[in-house]
Amino acid sequence: MDDDLDQALDAVGPRLRALRQQRDTTLAELSATTGISVSTLSRLESGTRRPTLELLLPLARAHDVTLDELVGAPPTGDPRIHLRPVTRHGMTMLPLTRRAGGIQAYKLVIRADGRRSKPDLQTHEGYEWLYVLNGRLRLVLGEHDLVLSPGEAAEFDTRVPHWFGAADAEPVEFLSLFGRQGERLHLRARPASSASRPSPAGRSDGPTVTGA
């Protein structure tokens, strides 16, 4: 399985270059859209930089393709969704949607094995919503360093430097919804009272954290 994954990741670079050239887009234009530097994009296309989830998500969004299409997952004629988990660097990602465009949904499991214990903050275009199912999730977002427990959620602008991993010695399992820039989720568990209804203020760079 590791060999299959390595082969799939090795093929991502040529596929990224082909997608960009088909759309007659320059590296500078793609960098402006995704928030990924031109040098990183160039190394991804040449295969000298290994793709990560943080890089593939905004690129799939920019090219208007699904993550499966970007990594070359084999097509199926079965109308049912065949979920294919991808494991890399202690994190397993299971895509829950297969359509291009709109909000993409993923289930992620991060092992507490030390591979993601040191924050490595990333930025890219988009907006993300996280909901913890099991374990405790550490979320570093700009100047904020938060720990989310099961039933808690956070949403944030991914242009803000961010990182997430297991908060302690146990694995953490959570859901992630990712949308394009400006596409913010609207969730409501109960009717908002006049006292709790948010004012029509501008969008904040800080996280919004909610409990169950």
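Residues numbered from 1 in each chain as written. Predicted model: local features only at pLDDT ≥ 70, side-chain atom pairs only at ≥ 80, totals over all residues. Heavy atoms only, no water.

## A look at the packing of aromatic side chains
Applying the stated criterion to the full structure yields 2 aromatic pairs. Arranged with centres 5.9 Å apart and planes meeting at 10°, the rings of tryptophan 129 and tyrosine 131 form a pair that is stacked. Both rings, one in phenylalanine 164 and one in phenylalanine 174, keep their centres 5.4 Å apart while their planes meet at 75°; by these two values the pair is edge-to-face. Remark: phenylalanine 174 occurs in strand 9 (residues 172-179) and phenylalanine 164 occurs in strand 8 (residues 162-166); sequence separation between them is 10 residues. On the accessibility criterion, phenylalanine 164 (5% relative accessible area) is buried. (Phe/Tyr/Trp six-rings, centres within 6.5 Å; stacked < 30°, edge-to-face > 60°. Helix = DSSP H or I, 4+ residues; strand = E, 2+ residues; numbered from the N terminus. Buried < 20%, exposed > 50% of the residue type's maximum accessible area, 1.4 Å probe, protein only.)

## Looking at the pairing of strand 3 (residues 104-110)
Counting buried positions along strand 3 yields 5 of 7 residues, so the element is predominantly enclosed. Sheet analysis places strand 2 (residues 91-95) next to strand 3, joined by 5 bridges and oriented antiparallel. Bridge assignment links threonine 92 to a residue of strand 3, and that residue is valine 109. Both strand 3 and strand 9 contribute to a ladder of 7 bridges, which runs antiparallel. Considered in strand 9, the bridge of leucine 108 is made with phenylalanine 174. (Pairing = 2+ DSSP bridges.)

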